[in-house]
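Spelled out, the chains give:
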Amino acid sequence: MVCTGLEPSGASGLMATSIVAGHSTQGTILGATVGKRRFKIVLIVPSHYDDDGYVIQWLRSMMPSNSLASVYGLLAECADARVLGPDVDIEIEAHDEMNTVIRVGRIVRDIRAAGAGFVGLVGVQSNQFPRALDLGRRFRAAGLPVVMGGFHVSGCLSMLRELPPDLQETLDLGITLFAGEAEGRVAGLLRDIDAGTLKPVYDYLSDLPNLEAATPPTLPRSTVARVFGKYSSFDAGRGCPFQCSFCTIINVQGRKSRYRTADDVEAIVRAEAKQGITRFFITDDNFARNRNWEAILDRLIELRAKEGFKIRLLLQVDTACHRIANFVEKCGRAGVLFVFIGLENINPQSLLGTKKRQNKIWEYREMLQAWRRAGVITYCGYILGFPADTPESIARDIDIIKKELPLDVLQFYILTPLPGSEDHKVLHERGVFMDPDMNKYDLEHACTGHPTMSIELCEQVYRDAWVRFYTDTHVETILRRARASGVATNKVGGILTWISGSEAIERVHPLQFGFFRRKIRSQRRSGLPIESPFVFYPRRLLEVMRMAARWLARAQKYRTIRKRIEADPAGKAYADEALAPPPADAADDHLVQAFADQIPKMYGAPKPRAAVERVAG
Ligand code: B12
Ligand code: SF4
């Protein structure tokens, strides 16, 4: 699909015309004076709805939105360059709905008062799409131009032959769809909005921008301050060489590594440090496959060592990263605090079934131990609901992980055919049932059938997995391992409280978690009734009190465990199978033995013991 020009019925274009054309010909616009015009942009990352239809949002969110920072950075550059003319002040507001209550009425008034502008719905993922549409509908009803971008739009346009009904509805409302990456493209978009010639679709999927010297992501400090720990973000690269069938990224951002230079990264770090921000989530899906990782890490190490920058980093890497010479060690020196690792599963056949050939379970322990030696906390993702999974096999596998693998945090997801992935495309083309409610594509709901488990059972198994992993005994083991390896026990304890409590207490995935849930009575999913204040507020008060009590109890319990371990003089000598060096012959590894008959025949794979003995005999 390509830019198709303004449809005569495109309300978005009509509105832009009525606001802006009057000004450009007559010199005034809704009260603005000649010689100075305002163009107001409000960027919103929509959140998504909980099962009761309330927006999931917090006083402080845990993770920053890099999509927001990317689009803000590009627009801020346009504002500085005065791309709409020397007389036009471009003003930008950026909100992440995870930590900010969106006041639609106020935004409408502000944009109208400015006389021109638009609302950008940013980084909309599939699970955020229904919320984005509810917001977009209200802005369109007020006649404002609205542009929506992000992975739902890009994923669907890149993989499906025709527009799915939800995106068609979006277009019918006059909301413009922006597919692909925006670097180098927003000035043109702004000019189209300003001229009243906004097109229904902008599609840049087949033209991936070069990232070297590209405009960096950034946000005002006031927006970053709404993220717990004041973490900011940037992507040091995009694209991943692997081919996992559940992944959307490779179909939108490609498989070739595009990366920022070390100079780019240094410039980002220096600019953010001026705002007092030194903690970053580097959002590359796989920083280990960023072809420029070493130059970037070397520069960060230098900034820390020579100029005392207190850089702290979160990274995403793959399970084979420890094989890259110096990678883990340099990450530690560059200030990496914790790494997200897509462990995904420990059953080799399940991994092969999703083309995740690079995940070799016989290397998992060695990889996790390498991170421990660098003092980095490991935060692993684990997917449930592969075809061979049963409640019993999942329970057994979790027990094996607890015993065999020295990871600090494990978080679970349900295998989900995300729009934009090969899995989604295949099911779509075969006409297999997939839940039409995008709000459920948050990896906490089962969205399609499973060979042996019902949707309800899949979701039960998912909830049980959290309980089974985060027992008090295992939390104690994790903390003991941290103490023995010299990993900061207070940090591990804090993360364990957050991760285990978000599912158990708040019923949200840790990646959507924040500090102090805000529930706004009037912000409910369209189609659901607004509850009476006499019902809503007393129930909410009780809920808050109960949850606060449970959080305090959990934090106190983990603190007690941690203090006991820290006070134990033998703590440093703690040893168990997960901390022990991997056996010289991987076939002797208990994890390998548990899956002996499923290890694929591939280069470097251990030969199952029975086969080895047969050969030896
Ligand atoms: C960092 C990240 C997060 C962070 C921050 C979110 C964010 N968007 O920054 C956190 C931890 C919060 C997160 C959480 C989740 N994430 Co996430 N996340 C990512 C990740 C790795 C990077 C995002 C990013 O910065 N991309 C780079 C930016 C530049 O790309 P972009 O978002 O597409 O934006 C560009 C264009 O789309 C366009 N654009 C976007 N919006 C707009 C708006 C306008 C007006 C314009 C003009 C242009 C425009 O311009 C941007 C600049 O080029 C992506 C994977 C990826 N590579 O993108 C997954 C990804 C977006 N996440 C995904 C998922 C599934 C989740 C979770 C549901 C799952 C989970 N439990 O982990 C949660 C739930 C989030 C929620 N509901 O709040 C999926 C979404 C797939 C889909 N079809 O929806 C992705 C693609 C990964 C995957 N597994 O496939 N995530
Ligand atoms: S390793 Fe990660 S980013 Fe790369 S294809 Fe697989 S899931 Fe996608």
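As the structure is a prediction and not an experimental result, all values here were calculated from the model.

## Section: the sheet that holds strand E14 (residues 377-384)
Spatially, the 6 strands line up as an open sheet ordered E8-E11-E12-E13-E14-E15, and their pairing is parallel. With partners counted over all chains shown, the strands left at the sheet margins are strand E8 (231-234) and strand E15 (409-414), one partner each. On average, each strand axis in the sheet is inclined to that of its neighbour by 20°, with strand direction left out of account. Here strand E13 (residues 336-344) pairs with E14 via 6 bridges, running parallel. Bridged to Gly-342 within E14 is Gly-381. Lying on the sheet, helix H14 (residues 361-373) is in contact with strand E12 (312-317), E13 and E14; it crosses E13 at an angle near 170°.

## Focus on the site of ligand 1
Taken together, 41 residues form the shell around ligand 1, and within it Asn-66, Ser-67, Ser-126, Thr-248 and Asp-285 come nearest. At 3.3 Å from a nitrogen atom of ligand 1 is found a side-chain nitrogen or oxygen belonging to Gln-125. Those elements that place two or more of their residues in the shell around ligand 1 are helix H2 (66-81), strand E4 (117-121), strand E5 (146-149) and helix H9 (249-253). With 4 residues, H2 is the single largest residue contributor to the shell around ligand 1. Partitioning the shell around ligand 1 into residue classes produces 17 nonpolar, 19 polar and 5 charged.

## Topic: the environment of Leu-75
Tracing the backbone through its elements, the reader meets Leu-75 in helix H2. The exposure class assigned to Leu-75 is buried, which follows from its relative accessible area of 1%. Separated by 263 residues in the primary sequence, Leu-75 and Phe-338 have C-alpha atoms spaced 31 Å apart. Leu-75 has contacts with Ile-41, Leu-43, Ile-92, Val-186 and Leu-190, leaving out every residue within four places of it along the chain.

## A short note on the pairing of E14
For a regular strand, side chains alternate in direction, first toward one face of the sheet and then toward the other. In terms of residue burial, E14 counts as a mostly covered element, since 8 of its 8 residues are buried. Of the two faces of E14, the one carrying Ile-377, Tyr-379, Gly-381 and Ile-383 and the one carrying Thr-378, Cys-380, Tyr-382 and Leu-384 are both buried. At this point the chain moves from E14, through helix H15 (residues 391-404), to the parallel E15, and the crossover so formed is right-handed.

## Focus: the sheet that holds E4
Pairing within the open sheet is parallel, and its 6 strands lie in the order E3-E1-E4-E5-E6-E7. The sheet is open, and its two borders are formed by strand E3 (88-96) and strand E7 (201-203), each paired with just one other strand. Each strand of the sheet is rotated relative to its neighbour by a mean of 15°, with strand direction disregarded. Where E4 meets E5, 3 bridges bridge the pair, whose relative direction is parallel. Note that in E5 the partner of Val-119 across the bridge is Val-146. Where helix H4 (residues 129-141) meets the sheet, its contacts fall on strand E1 (37-45), E4 and E5, and the angle it forms with E5 comes to roughly 165°.

## Some points on the environment of Ser-393
With respect to the helices and strands, the residue Ser-393 is situated in helix H15. A relative accessible area of 15% places Ser-393 in the buried class. Sequence separation of Ser-393 and Asn-347 is 46 residues, and the distance between their C-alpha atoms is 9.7 Å.

## Looking at the layout of surface pockets
Its boundaries defined by the atoms lining it, the largest pocket holds a volume of some 840 Å³. Lining of the largest pocket is provided by 29 residues; of these, Met-62, Phe-228, Gly-494, Trp-498 and Phe-513 occupy positions nearest its centre. Residue assignment for the lining of the largest pocket shows that the elements contributing at least two residues are E12, E13, helix H19 (489-506), strand E16 (514-518) and helix H20 (533-567). Here the lining of the largest pocket takes 7 residues from H20, the largest share from any one element. Grouping the amino acids of the lining of the largest pocket by side-chain chemistry returns 19 nonpolar, 4 polar and 6 charged.

## Let's talk about unusual backbone geometry
Residue Glu-344 is not a glycine yet carries a positive backbone phi of 70°. One can find Glu-344 in strand E13. For Glu-344, a relative accessible area of 8% translates into the label buried. Backbone geometry places Phe-516, a non-glycine residue, at a positive phi of 65°. Checked against the element boundaries, Phe-516 lands in strand E16. You can call Phe-516 partly exposed: its relative accessible area is 43%.

## A short note on helix H7 (residues 186-195)
Counting buried positions along H7 gives 7 out of 10 residues, so the element sits mostly inside the fold. Restricting attention to buried positions, one finds in H7 the residues Val-186, Ala-187, Leu-189, Leu-190, Asp-192, Ile-193 and Asp-194. The positive-phi residue at the C-terminal boundary of H7 is Gly-196, with phi of around 75°.

## Brief notes about empty space enclosed by the protein
Gaps left between atoms show up when a probe the size of a water molecule is rolled over them. Counting across every chain of the model gives 4 cavities of 30 Å³ or more. Within this model, the second largest cavity holds a volume of roughly 80 Å³. In terms of lining residues, the second largest cavity is bounded by Pro-64, Ser-65, Leu-68, Asp-96, Asn-99, Leu-219, Thr-223, Val-224, Val-227, Tyr-231, Ser-232 and Ser-233. Contributing elements (two or more residues each) for the lining of the second largest cavity: helix H8 (221-224) and E8. For the lining of the second largest cavity, the element with the most residues is E8, which contributes 3 residues. Per-class residue counts for the lining of the second largest cavity are 6 nonpolar, 5 polar and 1 charged.

## Regarding the packing of aromatic side chains
Applying the stated criterion to the full structure yields 23 aromatic pairs. On the basis of an interplanar angle of 50° and a centroid distance of 5.7 Å, the ring pair of Phe-281 and Phe-340 is categorised as tilted. On the criterion of sequence distance, the pair formed by Phe-281 in strand E11 (residues 279-282) and Phe-340 in strand E13 is long-range, its members being 59 residues apart. Residues Phe-281 and Phe-340 agree in their burial class; the two are buried. Relative to Tyr-537, the ring of Phe-536 has its centre 5.1 Å away and its plane inclined at 90°; by these criteria the two rings are edge-to-face. Owing to a relative accessible area of 1%, Phe-536 belongs among the buried residues under this scheme. Judged by relative accessible area, which is 46%, Tyr-537 ranks as partly exposed.

## Some thoughts on a positive patch on the surface
Residues Arg-60, Arg-221, Arg-226, Lys-230, Arg-279 and Lys-491 make up a contiguous surface patch of positive charge. As for its placement among the helices and strands, Arg-60 is situated in strand E2 (residues 57-61).

## Some details on the pattern of salt bridges
Scanning the entire structure with this criterion turns up 50 salt bridges. Glu-531 is paired through a salt bridge with Arg-539; the nearest N and O atoms lie 2.8 Å apart. For Arg-539, a relative accessible area of 35% gives the class partly exposed. Ionic contacts of the salt-bridge type, sharing partners, join the residues Glu-181, Glu-183, Asp-235, Arg-238, Arg-258 and Arg-260 into one network.

Scoring rules and cut-offs
- Residues numbered from 1 in each chain as written.
- Chains lettered and ligands numbered in written order.
- Predicted model: local features only at pLDDT ≥ 70, side-chain atom pairs only at ≥ 80, totals over all residues.
- Heavy atoms only, no water.
- Pairing = 2+ DSSP bridges.
- Helix = DSSP H or I, 4+ residues; strand = E, 2+ residues; numbered from the N terminus.
- Axes fitted to C-alpha atoms, helices over the stretch in contact; angles between N-to-C directions.
- Contact = heavy atoms within 4.5 Å.
- Near = heavy atom within 4 Å.
- Polar contact = N/O pair within 3.5 Å; in protein donor to acceptor, adjacent residues only side chain to side chain.
- Nonpolar A, V, L, I, M, F, W, Y, C, P; charged D, E, K, R; others polar.
- Buried < 20%, exposed > 50% of the residue type's maximum accessible area, 1.4 Å probe, protein only.
- Right-handed = clockwise from strand over helix to strand, strands pointing away.
- 1 Å grid on protein atoms, 1.4 Å probe; cavity = no way out; pocket = protein on both sides within 12 Å on 5 of 7 lines; lining within 4 Å.
- Points joined across faces, edges and corners; volume = space filled by probe spheres on them.
- Phe/Tyr/Trp six-rings, centres within 6.5 Å; stacked < 30°, edge-to-face > 60°.
- Patch = residues over 30% accessible without salt bridge, like charges linked within 9 Å, V, L, I, M, F, W, Y side chains within 5 Å.
- Areas by Shrake-Rupley, 256 points an atom, 1.4 Å probe, with all protein chains shown as cover.
- Salt bridge = Lys/Arg side-chain N within 4 Å of Asp/Glu carboxyl O.
- Lys, Arg positive; Asp, Glu negative; His and termini not counted.
- Charge placed at Lys NZ, Arg CZ, Asp CG, Glu CD.

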